[in-house]
Amino acid sequence: MRGHSTPWIHRWSRPIIAGIAIIGVIENIYLTAIKLMGGTAVCPTSGCNEVLNSPYASVWGLPLTLFGLLAYGTVLILAVLPLRINPVTHKSRRQKLEAQTGFLLFLVTTAMVCFSSYLMYLLFFQIQAICPYCIASALFCLTLFILTLISIPWEDVGQLWLSGLVVAMLTGLLALGLYNSVSVANTPTSVDESNGKVGLAITTTSGPAEIALARHLTAIGAKEYGAYWCPHCYDQKQLFGKQAFAIINYIECAPDGKNSQTQLCETAGIKGFPTWEINGEFYPGLQPLKKLAELSNYQGEQNFKF
């Protein structure tokens, strides 16, 4: 009689899981670099940069994508660890390691699919944007979870589901608590006004150099595109100070923001906030005042306070 053959999904699941994890690692490295450098992500929609510039994109002052990178990296390591052991000469050792890493894979992917589900809720109902990178990552997490679940011959299914339920509950509580603190700590507090929402009041005081630069930028027709909820936009305001920023030609892109000019932002092709338009060129991201002076050919006083 021929021996019982191993299902193909059992043989190939770990290479497939490793491959998906590698794609997830690459995606998160790219988005982390964009976030840290204040650049604009290559994206078919404006939603990717809306998400990267939203307060939900940072946790404890760090890009959320760093934690995604850690999660995908963990999955990659757990998936490939048993593959390093020869299944012929060290069969029992490999089987033991497969069982151990398989259970850990189940726990990690359960946490990932639960957390990504909550992020999808934030994406569609809070940020209200379409982000292909985010959707792809959620699909990766779901695929990793399903592959882990169906490719391992589990012995105690009851214990497995109990462990998964505990992890799911803890992940849900963590996500809720985490973003409750994020909304308090990182989001510029907005207030309702008759003609839209505004962010935190500017607390810094402008010096002569800031005011002179603001007047120069306005004189040459420079514009800053932003959103009231954008943390980097608020940081840009703080660099200028209250008096100088009042001179800047600021375009509010958030539909519910004060004096919103969303159509103008869409026509200009703005994909991230803040974005400066100077002499017909667009410069995305938070810009130091000396950089704005250089880009606008400002020749005046440059002893900026910040």
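Residues numbered from 1 in each chain as written. Predicted model: local features only at pLDDT ≥ 70, side-chain atom pairs only at ≥ 80, totals over all residues. Heavy atoms only, no water.

A. Summary view of the packing of aromatic side chains. Using the criterion set out here, one finds eleven aromatic pairs in the structure. We note K237 situated over the ring of Y250; from NZ or CZ to the ring centre the distance is 5.1 Å. (Phe/Tyr/Trp six-rings, centres within 6.5 Å; stacked < 30°, edge-to-face > 60°. Lys NZ or Arg CZ within 6 Å of the ring centre and 35° of its normal.)

B. Structural detail: helix α8 (residues 231-240). Most of α8 is tucked away: seven of the ten residues are buried. Packed against the buried residues of α8 are α7 (208-219), β5 (223-226), α9 (242-245), β6 (250-252), β7 (275-278) and α11 (289-295). (Buried < 20%, exposed > 50% of the residue type's maximum accessible area, 1.4 Å probe, protein only. Helix = DSSP H or I, 4+ residues; strand = E, 2+ residues; numbered from the N terminus. Contact = heavy atoms within 4.5 Å.)

C. Up close: the pattern of salt bridges. Per the counting criterion, the structure on display carries two salt bridges. The shortest N-O distance in the salt bridge between R94 and E98 comes to 3.1 Å. Of this pair, R94 and E98 both sit in helix α4 (residues 91-127), four residues apart, which is roughly one turn of the helix. Among the residues examined, R94 registers a relative accessible area of 16% and is labelled buried. The salt bridge partner of D256 is K197, with a shortest N-O separation of 3.8 Å. Placement of D256 in the loop between β6 and α10 (262-268) and of K197 in strand β4 (residues 196-198) is noted, with a sequence separation of 59 residues between them. Taking the relative accessible area as the measure of exposure, K197 reaches 27% and is therefore partly exposed. (Salt bridge = Lys/Arg side-chain N within 4 Å of Asp/Glu carboxyl O.)

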